[in-house]
Amino acid sequence: AFERQDRKDNALFWLYLLSHDRSYLEKLNQSHDVNIYTLYANELTGASAAANIVSPTPTKEKVADYDIKDPFLWQKTFKMIKEMSAQDAAKHSETFNTKETLGQYAYLMEKASGYKDSYFVMPFVDELEDVNATRKALLYAIGRQESRFIPAVISTSYALGMMQFMPFLANDIGKKQLAIAGFDQDDMFRPEVAYRFANIHIDWLERKIYSPVFIAYAYNGGLGLVKKMLQRGDMFNKGKFEPWLSMELVPYAESRDYGKKVLANFIIYSQILDPRAKVSVQQELQDLLIPSRSDDFR
């Protein structure tokens, strides 16, 4: 048996695909997890999302004497949260219920709910004032997956900041493309820089790929991964079980899961930003099978 709910939902969904037994969709509708399988089941059955999706809008600006750009302070905070009980997390969360620390607040509140609630926060919204809703949803979708919007995160592979830029890519954009005087890699811990660089990088990716799923694969595994995958000729073509089958055959496990999660995030954020938006899992997945709507490699 799977421990992770998204793995259980994946299995239930494949049972539905193989059997066409709609009882599996009803089971998916009862899942507390937000993923492409539950969202797809919700769409097919016309059900509202069973998962508790929360998007808080705090009024307080910041936590006094808390530097969100300090990676050592974040590590200390993370360790503290990890060791807390759910009850303590609920009590402590109010300290971080500010516009600047929405990521930390979400960490605490999800733990407080026993991970039954899914927080889709939108911090530093002023930095994206001039960005259209579709791009904004994509930036939020990637940011949620990369760092849960913690500005001072450093990954085990040394990716930096909220949008998790590798140092070589940060240097290329900061020093070469933008020629920022005195650019330092520590600047990636500043949310406005992280968003700006991610926006530039996505602009570059969108010269060749247009689907949020393919952009997610490239953001995580590199554009070369997507190019190689699409030019093989045996993936993301129209056919039985597609594009679900191809999504299970993405060569790198991390990118495979990442693409699914970013797509689910993208759908939710699109709906939060514009409840009237006609964004659907079904349409986004069908677009993967149509090169003119998804990529420039085929």
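In this report, the structure presented in the accompanying data block is examined. (Residues numbered from 1 in each chain as written. Predicted model: local features only at pLDDT ≥ 70, side-chain atom pairs only at ≥ 80, totals over all residues. Heavy atoms only, no water.)

We now examine the overall build of the chain. In terms of regular secondary structure, the chain is built from 15 helices and 2 strands. The globule rule puts the C-alpha radius of gyration for 298 residues at 19 Å, and the 19 Å found for the chain is close to it. For the chain, the spread of C-alpha atoms along the principal axes amounts to about 55 × 50 × 35 Å. Of all intrachain contacts in the chain linking residues separated by at least 6 positions in sequence, the fraction that spans at least 24 positions is 62%. Charge centroids of the chain, computed over 37 positive and 39 negative side chains, lie 4 Å from each other. (Helix = DSSP H or I, 4+ residues; strand = E, 2+ residues; numbered from the N terminus. Rg over C-alpha atoms; globule rule 2.2 N^0.38 Å. Contact = heavy atoms within 4.5 Å. Lys, Arg positive; Asp, Glu negative; His and termini not counted. Charge placed at Lys NZ, Arg CZ, Asp CG, Glu CD.)

Generally speaking, a soluble globular protein has its nonpolar side chains buried in company with each other. Among the nonpolar cores identified, the biggest contains 90 residues, and Ile142, Met163, Phe165, Ile209, Tyr217, Phe236 and Trp244 are the most heavily contacted of them. For this core, the element with the highest residue contribution is helix H13 (residues 253–273), accounting for 8 residues. Excluding anything up to four places from it in sequence, Tyr217 contacts Gly222, Leu225, Val226, Met229, Phe236, Met247, Val250, Ser255, Arg256 and Gly259. (Core = buried A, V, L, I, M, F, W, Y, C linked by side-chain atoms within 4.5 Å. Buried < 20%, exposed > 50% of the residue type's maximum accessible area, 1.4 Å probe, protein only.)

Pro167, Ala170, Ile173 and Gly174 are the residues of helix H8 (residues 167–177) that are buried. Considered in projection along H8, the buried side chains sweep an arc of 140° and stay on one side of the axis. In H8, those exposed residues whose orientation departs by more than 90 degrees from the buried face are Phe168 and Lys176. The inward-facing, buried residues of H8 abut helix H9 (191–205). Following H8 by one or two positions, Ala179 adopts a phi angle in the positive range, close to 50°. (Arc of directions from axis to C-beta.)

By secondary structure assignment, the location of Asn265 is in helix H13. Given the relative accessible area of 3%, Asn265 is considered buried. Of the polar contacts made by the side chain of Asn265, one reaches the backbone oxygen of Ala141; its length is 3.0 Å. With near-sequence residues (within four places) excluded, Asn265 lies in contact with Phe120, Ala141, Arg144 and Gln145. (Polar contact = N/O pair within 3.5 Å; in protein donor to acceptor, adjacent residues only side chain to side chain.)

With the rule as written, the count across this model stands at 17 salt bridges. Put simply, Arg144 and Glu110 hold a salt bridge, and the shortest N to O gap is 3.6 Å. Residue Arg144 is found in helix H7 (residues 133–147), and its partner Glu110 is found in helix H6 (residues 102–112); the two are separated by 34 residues along the sequence. By relative accessible area, Arg144 is classed as buried at 9%. Take Glu110: its relative accessible area is 9%, and that puts it in the buried class. The network of salt bridges with shared partners includes Glu110, Arg144 and Arg148. (Salt bridge = Lys/Arg side-chain N within 4 Å of Asp/Glu carboxyl O.)

Now for the packing of aromatic side chains. Applying the stated criterion to the full structure yields 21 aromatic pairs. For the pair Phe13 and Tyr16, a centre-to-centre distance of 6.0 Å together with 50° between the ring planes defines the contact as tilted. Placement of both Phe13 and Tyr16 in helix H1 (residues 5–19) is noted, with a separation of 3 residues, approximately one turn of the helix. Tyr16 gets classed as buried once you look at its relative accessible area, which sits at 12%. With a centroid separation of 5.4 Å and an interplanar angle of 45°, the aromatic rings of Trp74 and Tyr107 are classed as tilted. (Phe/Tyr/Trp six-rings, centres within 6.5 Å; stacked < 30°, edge-to-face > 60°.)

Let us look at the packing of H7 against helix H10 (residues 212–221). Two elements in contact, H7 and H10, have axes separated by 11 Å at closest approach and are oriented at 40°. The angle between H7 and H10 falls in the class oblique. You can see that H7 and H10 cross each other, and the crossing is right-handed. Listed contacts from H10 to Leu138, Ile142 and Glu146 of H7 are Pro212, Ile215 and Tyr219. Along the lines of polarity and charge, the residues of the contact of H7 with H10 split into 5 nonpolar, no polar and 1 charged. (Axes fitted to C-alpha atoms, helices over the stretch in contact; angles between N-to-C directions. Parallel < 35°, antiparallel > 145°, perpendicular 65-115°, else oblique. Left-handed = near helix turned anticlockwise from the far one by under 90°. Nonpolar A, V, L, I, M, F, W, Y, C, P; charged D, E, K, R; others polar.)

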